[in-house]
Structures are given as structure tokens and as C-alpha cells.
Amino acid sequence: MKRSNFFCVTLCLFVSLLLVMVGLNCAVAEEGSLTFATTTPPKSNHEIAAQKFVEAVAQRTGGKINIKHFGAGSLYNAKSIMAAISKNQIDIGLLHVALVGRRSPVLEFVGSFGAMGCWESYEHYYRFLDNPRTREIASAEFAKYFNGRLLSAWSFGTSLLGCRDKAITTIEDFKGLKMRTSGTAMATMYKALGVVPISLSSKEIYTGLQRGTIQGAGSGVSRWRRSKLYEVAPYLTVDPTIPYFSMWLVINQKSWDKLSSSDQKIIADTAKEYEAWTRDYAAKEREEDFAFLKSEAKAFVELSKEQKAKLVNTVKPVMKAFAKDQLGDQYQELWGLLEASK
């Protein structure tokens, strides 16, 4: 009987020790690994940048930090990834600029949509975005609304306007045009140009143009090519209202706090490096897509400097009032940063 009890006690101690060892091994594995989700199309500049980012972090930490990348919406879609970051269901995520803006008017403004039509050039917006104070404001919003820490802003590209029947060559061509819009800021800006805004999801653009529900739409250059929107809207105009919009690379705050200060620096520096990489790649990809679309479109137009200036002057008072209403106490500083970045 005593021998049997001794055997049971010994076995229990052995099993307990084994479980502790397994638990310690799992904890080490968790500490050294991070999950990372992106939702952009396969082979897009963001998916390429994401893989390079993962490889660079592994190399620079000597393999200590292993980031597992779930790309092209394989784990979360553009909406669900925001909750996943907030709830620490994913460590790192690339968040959609427009959807983030629906939670935070400040981030809608910083992401360019809250001041749509007011950017005088692509460089104007980049100067605004790169201002340390702008980043500081954006970081506070991600901490507040997403329980996250902003790492960097990865450039995705610019936009094209496409129409069924004729190209937009002057701002007068906007008047009376039924155009697809997404969100209040975009609808407000287009109304200032005399557009009849029609709310449609991005998935409905092709059929909406095909059926005549809308006469025109704006979307990313790569979408015009890869979704073949030029088939139903062959009259294209380079969109003068949106700069090189970016997606937000964010890490959950709890995940960030678990990292050593040296690993935090490596991840932050690498994220910033690939921010610059995406800007260069997006510009190159844009020109390649332009070359293709010019061969397929019935017209491919870029507004003159005079028409661009006229557009800004037309929409700016309206968007300024919109921003004042949306931003409250932060309006003066953010609008001041926009003006100072010209």
C-alpha cells in the first residue's frame, strides 16, 4: 500500500514538473513571437512590404523576434482587424485609413479624408503627415480608440476618377454628376463641387457604373486596373482631391509593453524604414498602372494647375467648416498644421 502511494506521489510530481517545463517553454515562445495581419490585395505594395518587414525584424533581432504574417485578409478583413487590435487578438495590424477615420474624426483628418480636396499637392500632404506634432496627435488617437501604438504610415497610392460617358476636364464637369461616395467627408466635398453623392461600397462600384446607378466614381489606381473598372468607366481623370493616402501600421499596446526597449527600437525603426519604402514603391507602381490604363481608357486626363487651384478654392471653405464641426477643440491646431505644411 505504501509502495503504491509512493508511486502515485512520484508520478504526480513528475507530471507536475513536466507541465511546468512545457508552460515555461510556451511562455518563451509567446514572448518571442508576434502575429501580424494585413488586408490589402495579394501582390500589392503593402503585402510585399509586410513580408520584407517581417524578414528584417527577424534578421535584426537575431531571430529572437519571430513575426507570423497573415496576409491579404486571410485572418481578418478591413473592418474586423480594428477590433482585433483593440482586443489584443492580433499583435500588429495594418489598418485601413478610411475605416479608422470613422472611429476618430482626428484620424480622418490626419488620414487626409477629413480635409479632402484641400491638399495642394502630394508633397503638401506628406509634409503635414511627417510633422512630429501631427504624428504625436495621431498616436494619442490610436492609444485612445484602438488600445494601440502607432508605428508608421505605409503609403498605398493615389486615386483616379472614372466616368461612364465623358472625362472630367474642368471642375464644372462635376456639376450634376451622380458619383459614388463613401463617408460624410467625401460626400461633403463632392457636394461643394455640385456632385450628387451616391453611397455605395467599394464592391458595388463596378455594377453601379455598369447599370448606371452612378455615373462616376473615385478609387485607388491599382483597383481601376486590377478590378477592370475601366471597362465600365473608360473616361479617367487623375483625382486631384486625395494625395498618396496611407494605411496605419499599429501594434497593440499590451504587446508593445512586453517587448524589451531594444526590441521596441528595432521594430519602430524597421516600421519607419518601410514607410519610406512604400512611398517609393507606390510612386513606381502608380506610373506602371498609369501606363496600362492609358492604353485601355478612352480618355486619360490630368487637370491643369489652374483647375486644381480652382477646385481647392471651391471646396476649402466647406471642408474647413466641416473640420471645425468635427474636430472641436483640436480644429485650430490641426488646420494650422495643414496650412503650415504648404
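This one's a predicted model, so the numbers in the text were calculated from it and none came from an experiment.

## With respect to the confidence of the model for the chain
Then, in step 1: Residue-level pLDDT values for the chain average 92, and 91% of them are 70 or greater.
Then, in step 2: Below pLDDT 50 for its whole length, residues 1-30 participates in zero contacts with residues either more than four positions away or in separate chains.

## Considering the packing of aromatic side chains
Then, in step 1: Applying the stated criterion across every chain, the model contains 19 aromatic pairs.
Then, in step 2: Ring centres of Y274 and W277 lie 6.2 Å apart, and the angle between their planes is 50 degrees; this geometry places the pair in the tilted category. Taken together, the positions of Y274 and W277, both in helix α12 (residues 261-296) and three residues apart, correspond to about one turn of that helix.
Then, in step 3: In this structure Y274 comes out as buried when scored by relative accessible area, which is 10%.
Then, in step 4: Among the residues examined, W277 registers a relative accessible area of 23% and is labelled partly exposed.
Then, in step 5: Taken together, a centroid distance of 5.0 Å and an interplanar angle of 70 degrees make the contact between F290 and F300 edge-to-face. Of this pair, F290 sits in helix α12 while F300 sits in strand β11 (residues 299-301); the two residues are ten residues apart in sequence, bridging distant segments of the chain.
Then, in step 6: Judged by its relative accessible area of 5%, F290 is buried.
Then, in step 7: The class for F300 is partly exposed, based on a relative accessible area of 24%.

## Some thoughts on the sheet that holds strand β2 (residues 66-70)
Backbone-to-backbone hydrogen bonds join strands into a sheet, with any given pair of strands oriented parallel or antiparallel.
Then, in step 1: Strands sit in the order β2-β1-β3-β10-β4 across an open sheet of five strands; the sheet is mixed. Where the open sheet ends on each side, the last strands, each with one partner, are β2 and β4 (148-157). Ignoring which end each strand starts from, the neighbouring axes of this sheet average 20 degrees apart.
Then, in step 2: Alignment of strand β1 (residues 33-37) against β2, held across five bridges, turns out to be parallel. Looking at the pairing, F36 lines up with H69 of β2.
Then, in step 3: Of the strands in this sheet, β3 (92-95), β4 and β10 (245-252) touch helix α7 (residues 132-146), which is tilted by about 115 degrees from β4.

## A few points about the nonpolar core
Then, in step 1: Of all hydrophobic cores here, the largest spans 87 residues; its most connected members are F53, L95, F174 and W248.
Then, in step 2: Other than its neighbours up to four places away in sequence, F53 contacts F36, I67, I92, W154, L249, I267, T270, A271 and Y274.
Then, in step 3: Within the second largest apolar cluster, 17 residues are counted, among which are L160, I214, W224 and V238.

## A closer look at the pairing of β3
Then, in step 1: On β3, burial covers both faces: I92 and L94 on one face and G93 and L95 on the other are all buried.
Then, in step 2: The pairing of β3 with β10 spans four bridges and is classified as antiparallel. If you follow L94 over to β10, its bridge partner there is L249.

## Describing the pattern of salt bridges
Then, in step 1: In this structure the tally under the stated criterion is 20 salt bridges.
Then, in step 2: Two residues, K310 and E172, come together in a salt bridge whose shortest N-O distance is 2.7 Å. With K310 in helix α13 (residues 305-327) and E172 in the loop between β5 (159-163) and β6 (178-181), this pair connects stretches of sequence that are 138 residues apart.
Then, in step 3: Several salt bridges converge on common partners, so that one network encompasses D130, R135, K272, E275 and R279.

## Points about the packing of helix α2 (residues 45-60) against α12
Then, in step 1: It is at 10 Å that the axes of α2 and α12 come closest, and there the two elements cross at 150 degrees. Comparing the axis directions of α2 and α12 gives the class roughly antiparallel. Seen along the crossing, α2 lies across α12 with a hand that is right-handed. Residues N45, H46, I48, A49, K52, F53, A56, V57 and R60 of α2 form the contact with α12, whose own contacting residues are I266, I267, T270, A271, E273, Y274, W277, T278, Y281, A282 and E285.
Then, in step 2: Each residue belonging to the contact of α2 with α12 can be placed in one class, and the counts come to twelve nonpolar, four polar and four charged.

Definitions and cut-offs
- Residues numbered from 1 in each chain as written.
- Predicted model: local features only at pLDDT ≥ 70, side-chain atom pairs only at ≥ 80, totals over all residues.
- Heavy atoms only, no water.
- pLDDT = per-residue confidence, 0-100.
- Contact = heavy atoms within 4.5 Å.
- Phe/Tyr/Trp six-rings, centres within 6.5 Å; stacked < 30°, edge-to-face > 60°.
- Helix = DSSP H or I, 4+ residues; strand = E, 2+ residues; numbered from the N terminus.
- Buried < 20%, exposed > 50% of the residue type's maximum accessible area, 1.4 Å probe, protein only.
- Pairing = 2+ DSSP bridges.
- Axes fitted to C-alpha atoms, helices over the stretch in contact; angles between N-to-C directions.
- Core = buried A, V, L, I, M, F, W, Y, C linked by side-chain atoms within 4.5 Å.
- Salt bridge = Lys/Arg side-chain N within 4 Å of Asp/Glu carboxyl O.
- Parallel < 35°, antiparallel > 145°, perpendicular 65-115°, else oblique.
- Left-handed = near helix turned anticlockwise from the far one by under 90°.
- Nonpolar A, V, L, I, M, F, W, Y, C, P; charged D, E, K, R; others polar.

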